[in-house]
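Residue strings, one per chain:
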Amino acid sequence: MNGLDEKKEQNAWDNFIAILKNKLPMPIWVESLEPAISIYENKEDIFLIKSNQSFAINFLQQKHLKEVEEAFEEATGFKRAVRFVFDENVKPKKKPKLTPEQKEHSKTAQKMENLAQMYSFCALNLKYTFENFVEGENSRLAYKIAQIIAQAPGQKYNPLFISGSVGLGKTHLMQAIGHKILKNFPNLKIRYTKAEEFGNKLIESLNSCKNASDINEKMKKFRDMHRNVDVLLIDDIQWIDGKKRTEEEIFNTFDALYHAGKQIVFASDRPLSAFELIPDRLRSRFEWGIEVNITVPDLNTRIEIVKRHAIASNYPITDEVAKFLAQEFSSNVRELEGAYNKASALASIEGVELTVEKVKEFLDLNSRKKNISFNNILEICSKYFTVDKKDILSSARAKEVVNARKYAIYFSRELLELSYSALAKEFKKNHTTIMYQYDKLKDEIKTNKAMSMIASELNELIKK
Ligand code: ADP
Ligand code: MG
């Protein structure tokens, strides 16, 4: 981008911030915000803002999204859905001086500020609580043990080692332990860190030592930060596998904490058995406690997760949409939530209701249907209703055949977007009959529970 645009962009951002401050009861929250995508490069109709303050994000996203979006439009002339992402690398800005009027504003503001500071020390994301975690068959043991630890940290199950593939709730569950301990034991010190951050800070501190025997201030600070705590949560621990110096420091940190009766929790994208290079003595430490595995949640759990996420995001969805999303995004909860975020943002921008059709359109899911053919649909319908394919295409009037034909027409239109005249040709009927049958079934699916179930089962079978 050339200099002029950059300037324009900076101005637009400054305006946005100024306008937003005026609209909010607590303008101080605005200070931690930074654009995550450029205002002028944004083609998706969603404008993303990042912040290192999960407290501010929650506050703005859940309570003042309307003001934020209005401010954005006033400042830039673009109507955009605004969303927030947590990014710990956003540089903290100096707190602005509050006017006396703002100071006056309230004791609650101060309380919230204190709370925010406390959370920022622990580096916990406010969303990741037990209350927001949907327990399912896939996470039952992990959830149970996490709760036991939160009731009595450092007593049993130490360390806890949570493994499971990406996007399945490990970070969420590990932070939920932190939140609960904060609540149960407000005096305990909790620290959450990612292994990579731990490793990078370690190297940085070591590099500032002049020689091997010189443990300088920086290194001392680093050790204090991780050893003067009651609960240490280390995320994405798989990162250290084979990184000798970090492994050693983790080992020493572990021993210091463990022998002082402090709780340690690790989360990892890989099970312990898949760590290849880790020294035996560290592996055995990891095995002292318990390893629990989180697997992919089943359909009902995913539906519940996306519904709850929708409510928390202030844009609830219908059961039908929740089910559709949960079916389409089945292996990674982060992707499921991401799909919801995008679809709901676009729906609110366009001012339309979020239907399954709209979700498909917004997420460009129609292109997936390429693999589905007319013949597939016929085949599934004939098997499902146990009738013959050629009967579906004839004018036979037997009840099951009529039923199968109805759904075959509906899905051919729905999934393949075949025109009425193309369908008329296939089913040897006239154009209006097809149109009528399609519309009728479409309405019935919306209102009749049994029919809607049949439709969703067929949908699943056809897409499989
Ligand atoms: P991981 O650390 O395993 O990669 P995260 O904990 O970051 O995954 O989870 C990804 C997203 O999915 C988060 O927003 C999290 O809140 C959400 N999530 C995952 N599992 C659940 C669950 N069981 N209940 C509620 N939200 C969940
Ligand atoms: Mg994680």
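Residues numbered from 1 in each chain as written. Chains lettered and ligands numbered in written order. Predicted model: local features only at pLDDT ≥ 70, side-chain atom pairs only at ≥ 80, totals over all residues. Heavy atoms only, no water.

Q: Describe the site of ligand 1, naming the residues involved and giving the relevant values.
A: Taken together, 17 residues lie near ligand 1, and Gly167, Lys170, Thr171, His172 and Glu337 sit nearest. A distance of 2.7 Å is found between an oxygen atom of ligand 1 and a side-chain nitrogen or oxygen belonging to Thr171. For ligand 1, whose free accessible area comes to 560 Å², the fraction covered by protein is 94%. When residues of the shell around ligand 1 are traced back to their parent elements, those giving at least two are α7 (170–184) and α14 (333–350). A domain-level breakdown of the shell around ligand 1 finds at least three residues from each of domain 2 (140–293) and domain 3 (299–352). (Near = heavy atom within 4 Å. Polar contact = N/O pair within 3.5 Å; in protein donor to acceptor, adjacent residues only side chain to side chain. Areas by Shrake-Rupley, 256 points an atom, 1.4 Å probe, with all protein chains shown as cover. Helix = DSSP H or I, 4+ residues; strand = E, 2+ residues; numbered from the N terminus. Domains from an automatic or database assignment.)

Q: I'd love a proper account of the side chain of Ser51, names of residues and values included.
A: Structurally, Ser51 is set in strand β2 (residues 46–51). Owing to a relative accessible area of 0%, Ser51 belongs among the buried residues under this scheme. Excluding residues that lie within four positions of it along the chain, Ser51 makes contacts with Ser32, Leu33, Ile57, Val85, Phe86, Asp87 and Val90. (Buried < 20%, exposed > 50% of the residue type's maximum accessible area, 1.4 Å probe, protein only. Contact = heavy atoms within 4.5 Å.)

Q: Which residues make up the nonpolar core, and what values go with them?
A: Formed by 30 residues in total, the largest nonpolar core has its most connected members in Ile377, Ile392, Tyr407, Phe411 and Phe427. Elements with a contribution of two residues or more to this core: α16 (374–384), α18 (399–416), α19 (420–427), α20 (431–447) and α21 (449–463). In terms of residues, this core owes the most to one element, α18, which gives 9 residues. Not counting residues within four places of it along the chain, the set of residues in contact with Phe411 comprises Ile377, Leu416, Ala455, Leu458, Asn459 and Ile462. One finds Leu160, Leu173, Ile181 and Ile190 within the second-largest nonpolar core, a separate group that totals 29 residues. (Core = buried A, V, L, I, M, F, W, Y, C linked by side-chain atoms within 4.5 Å.)

Q: Summarise the pairing of strand β4 (residues 160–163); cite the residues concerned and give the values.
A: Both faces of β4 are covered, namely the face carrying Leu160 and Ile162 and the face carrying Phe161 and Ser163. Sheet topology places β4 next to strand β7 (residues 263–268); 4 bridges connect them, and they run parallel. Bridge pairing in β7 places Leu160 opposite Val265. Sheet analysis places β4 next to strand β8 (residues 290–293), joined by 4 bridges and oriented parallel. Within β8, the residue paired with Ile162 across the bridge is Val292. (Pairing = 2+ DSSP bridges.)

Q: Quick one: what's the story with helix α9 (residues 217–227), residue by residue and with numbers?
A: When α9 is considered as a whole, its buried residues turn out to be Met219, Phe222 and His226. Around the axis of α9, the buried residues are gathered within 60° of arc, so they sit on the same side. Facing away from the buried side of α9, by more than 90 degrees, are the exposed residues Glu217 and Lys221. Looking at the buried residues of α9, the elements they touch are β5 (190–194), α8 (195–207), β6 (231–235) and α10 (244–259). (Arc of directions from axis to C-beta.)

Q: For the environment of Ala81, give the residues involved together with the corresponding values.
A: Along the chain, Ala81 falls in strand β3 (residues 81–86). Expressed as a C-alpha distance, the spacing of Ala81 and Asp45, which sit 36 residues apart in the sequence, is 6.5 Å. Among all residues touching Ala81, those that are not within four sequence positions of it are Asp45, Ile46, Phe47, Glu69, Ala345, Ser348 and Ile349.

Q: Tell me about the sheet that holds β8, and please be specific about residues and values.
A: Strand order in the open sheet formed by 5 strands is β5-β6-β7-β4-β8, and the pairing between neighbours is parallel. Because the sheet does not close on itself, it has two edges, and the strands there are β5 and β8. Here the strands of the sheet are splayed against their neighbours by 15° on average, with no regard to which way each runs. Against the sheet, helix α6 (residues 140–151) engages β4, β7 and β8, with an angle of about 135° to β8. (Axes fitted to C-alpha atoms, helices over the stretch in contact; angles between N-to-C directions.)

Q: An account of unusual backbone geometry is requested, with residue identities and associated values reported.
A: The amide bond that connects Asn158 to the next residue, Pro159, takes the cis arrangement and shows omega of 0°. If you trace the backbone, Pro159 turns up in the loop between α6 and β4. Located in the positive-phi region is Tyr157, a residue other than glycine, with phi close to 55°. Examined against the element boundaries, Tyr157 turns out to sit in the loop between α6 and β4. If you check the backbone angles, Asp364 has positive phi at about 60° while not being a glycine. The residue Asp364 is located in the loop between α15 (356–362) and α16 in this model.

Q: Any details on the sheet that holds strand β1 (residues 33–35)? Residues and values, ideally.
A: Read from one edge of the open sheet, 3 strands run β1-β2-β3, paired in mixed fashion. Of all the strands in the sheet, just β1 and β3 have a single pairing partner and so form its edges. Mean inter-strand twist for the sheet, computed between neighbouring axes without regard to direction, equals 35°. Examined bridge by bridge, β2 and β3 share 6 bridges and lie parallel to one another.

Q: Give a description of the environment of Thr355 that names residues and reports values.
A: Within the secondary structure layout, Thr355 lies in the loop between α14 and α15. Considered as a pair, Thr355 and Ile317 are 38 residues apart in the sequence and their alpha carbons are 8.4 Å apart.

Q: Just give me the short version of the packing of α8 against α10, but keep the residues and values in it.
A: Interaxial distance between α8 and α10 falls to 10 Å at its minimum, and their mutual angle equals 100°. The orientation of α8 relative to α10 falls into the category roughly perpendicular. Listed contacts from α10 to Phe198, Gly199, Leu202 and Leu206 of α8 are Arg245, Thr246, Glu249, Ile250 and Thr253. Of the residues contributing to the contact of α8 with α10, the split by class is 4 nonpolar, 3 polar and 2 charged. (Parallel < 35°, antiparallel > 145°, perpendicular 65-115°, else oblique. Nonpolar A, V, L, I, M, F, W, Y, C, P; charged D, E, K, R; others polar.)

Q: Any chance you could break down the packing of aromatic side chains for me, citing the residues and the numbers?
A: As enumerated under the stated definition, the model contains 21 aromatic pairs in all. Ring plane angle 45° and centroid distance 5.2 Å describe the contact between Trp13 and Phe16, whose orientation is recorded as tilted. Taken together, the positions of Trp13 and Phe16, both in helix α1 (residues 3–23) and 3 residues apart, correspond to about one turn of that helix. Note on Phe16: relative accessible area 0%, which makes it buried. Here the aromatic rings of Tyr258 and Trp288 are separated by 5.0 Å at their centres, their planes lie at 50°, and the arrangement is tilted. Taken together, the residues Tyr258 in helix α10 and Trp288 in the loop between α11 (280–286) and β8 connect sequence positions 30 residues apart. Classification of Trp288 as partly exposed rests on a relative accessible area of 39%. (Phe/Tyr/Trp six-rings, centres within 6.5 Å; stacked < 30°, edge-to-face > 60°.)

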